[in-house]
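As a plain string of letters, each chain reads:
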Amino acid sequence: MSMVKGANTVVPARSVRVVLSWRSGAGIPDVDGSALLLVGGRVRNDLDFVFYNQPQHPAGAVRHEGKRAEGGTVTDTLLVDLAAMEPPVERVALVASADGGVFGKVPGLCITVLDAVTGAEVARFDSPGATTETAFILGELYKRNDAWKFRAVGQGYDSGLAGLARNFGISVDDDPAPAAPAPAAPQPPAAPPAPTPPALQPPARPTPLAPVPPAAPPVAPPVAPPAPPSAPPAPPSAPPAPPSAPPAPPSAPP
C-alpha cells in the first residue's frame, strides 16, 4: 500500500534496498537514483553524495547498485546498511533526477523500501502530479530515538540534481565540458628556411699584457784583487873577478 506524502513508518530491517521505478518508453526521460548522507541537514563533504559516478560511500553504508530494465519498467537501486551507518549521520535523503526532460513526462514514478535480507516491502511511495521538476527528494531514512524510520517526502526541484545537491552543501560542476576542437587538416610541409648567415661579431679587443718588469742589470763577475807585487829583482851579481896576474917571466938561463 502506497504512503501519502509526509507520512512515516518504522524500518525494522538492519539493511534495506531502496528501489526507484518508472515506466520506460519513447520520449521518456531517463531517471537516476542517488543518496545524500546528512549531518545537521548538510553533507560533511562531497563524499557524502552517493550516485552513479561515486557509487559507494567510504564507510560502506550506502552503495549504488545500478539500473535494470524489465517488462517496460526501469529500476535504479541503492543499498543502505543502517547498522553500518556512521553515528553522526542522522538522515539519508533519497533522490531521483531526470536526464533529458522533466518529471512531468516520467510515468509511474515510485520509491519502494525493501528488507535487504528477506525482500519484504517495508514502505512504498508513489509520486504523482509532477510537472516541471527535474529532481525530487522522494523519501528519506532518518534516525529517531535510536530507531530508523522512512518518510515519504515528494519535494521537487526545477534546478536539477546540481541545484538540489548544492542546497545540501555539495560542490557540483554541471557545466558541460567544452567540445574538443576538430583536428586541423594536414598542411604540406613548409620549405626549410634559408640558412641565416652567422652574425658578424666585432673583433675581440686584445687583452692588454701585463707590463714586463725590466730585466735586472747584468751583474759583473767580481774582479779578483790585483796580485801583490812580486819580490824586487835580485841585486846584480858581483862583477866578474879581475883577470889573474900575468904569468911570471921566464927564469934566467943558467
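Preceding this section is the structure that the text describes.
Residues numbered from 1 in each chain as written. Predicted model: local features only at pLDDT ≥ 70, side-chain atom pairs only at ≥ 80, totals over all residues. Heavy atoms only, no water.

What is the right way to read the sheet that holds strand 1 (residues 8-10) from this model?
Pairing between the strands of a sheet comes from backbone hydrogen bonds, and it takes one of two forms, parallel or antiparallel. Across the sheet, which stays open at both edges, the six strands sit in the order 1-11-10-7-3-4 with antiparallel pairing between neighbours. Both outer strands of the open sheet, strand 1 and strand 4 (49-50), are each paired with one neighbouring strand and no more. Here strand 3 (residues 30-38) pairs with strand 4 via two bridges, running antiparallel. Paired with Leu36 across the two strands is Phe49, which belongs to strand 4. (Pairing = 2+ DSSP bridges. Helix = DSSP H or I, 4+ residues; strand = E, 2+ residues; numbered from the N terminus.)

Looking at this structure, how should I read the packing of aromatic side chains?
Two aromatic rings, taken as a pair, are described by how far apart their centres are and by the angle between their planes. Applying the stated rule across the entire model yields three aromatic pairs. With 5.4 Å between their ring centres and 75° between their planes, Phe51 and Tyr52 make a pair best called edge-to-face. For Phe51, a relative accessible area of 16% translates into the label buried. Plain terms: the ring middles of Phe103 and Phe136 are 5.3 Å apart, the flat faces sit at 75° to each other, and that makes the pair edge-to-face. Taken as a pair, Phe103 in the loop between strand 7 (91-99) and strand 8 (110-115) and Phe136 in strand 10 (residues 135-144) lie far apart in primary sequence, 33 residues in all. In this structure, Arg151 is placed above the aromatic ring of Tyr142, and the distance from its NZ or CZ to the ring centre is 4.2 Å. (Phe/Tyr/Trp six-rings, centres within 6.5 Å; stacked < 30°, edge-to-face > 60°. Buried < 20%, exposed > 50% of the residue type's maximum accessible area, 1.4 Å probe, protein only. Lys NZ or Arg CZ within 6 Å of the ring centre and 35° of its normal.)

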